[in-house]
Amino acid sequence: MVVDHHVAFVTGANRGIGLATAEELGALGITVVLGARVYGKGLVAAQNLRDVDIDAHAIECDVTNPEHHRTVFIDGAATECRPYDSLTQLTSRLPL
């Protein structure tokens, strides 16, 4: 199954389960926006996905930082890929 013109935002996507999720979504033809607390690590992960023909973009996103919520989800200025069609949140740092 290939999905056209779908954009997924994945948090914690510069490594581990988040990166694997982004890779699987990208393999389906979904554009992935990788949210990473450390922007440089997100850029490297996005480039690695682009190297295997996945449309991937990186954005700095710390889910514990309310300013990042506004930038990523409300202002829409964070990436040219807005609006997002889906959100996958993979993090162990959410405050309780």
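Conventions we followed
- Residues numbered from 1 in each chain as written.
- Predicted model: local features only at pLDDT ≥ 70, side-chain atom pairs only at ≥ 80, totals over all residues.
- Heavy atoms only, no water.
- Helix = DSSP H or I, 4+ residues; strand = E, 2+ residues; numbered from the N terminus.
- Buried < 20%, exposed > 50% of the residue type's maximum accessible area, 1.4 Å probe, protein only.
- Contact = heavy atoms within 4.5 Å.
- pLDDT = per-residue confidence, 0-100.

As for the environment of Ala-58
Alright, step 1. Among the structural elements, Ala-58 can be located in strand β3 (residues 56-60).
Alright, step 2. On the basis of relative accessible area, Ala-58 is assigned to the buried category, the value being 14%.
Alright, step 3. Taking the C-alpha atoms as reference, Ala-58 lies 7.1 Å from Tyr-39; in sequence the two are 19 residues apart.
Alright, step 4. Filtering out sequence-adjacent residues up to four positions away, Ala-58 remains in contact with Leu-34, Tyr-39, Gly-42, Leu-43 and Ala-46.

Quick word on unusual backbone geometry
Alright, step 1. Despite not being glycine, Asp-53 has its phi angle at roughly 65 degrees, a positive value.
Alright, step 2. Examined against the element boundaries, Asp-53 turns out to sit in the loop between α2 (39-50) and β3.
Alright, step 3. Judged by relative accessible area, which is 74%, Asp-53 ranks as exposed.

Comments concerning the confidence of the model for the protein chain
Alright, step 1. Considering every residue of the protein chain, the mean pLDDT works out to 80; 71% of them sit at 70 or more.
Alright, step 2. By mean pLDDT, the top-scoring element of the protein chain is α2 (96), and the lowest-scoring one is strand β4 (residues 86-88) (60).

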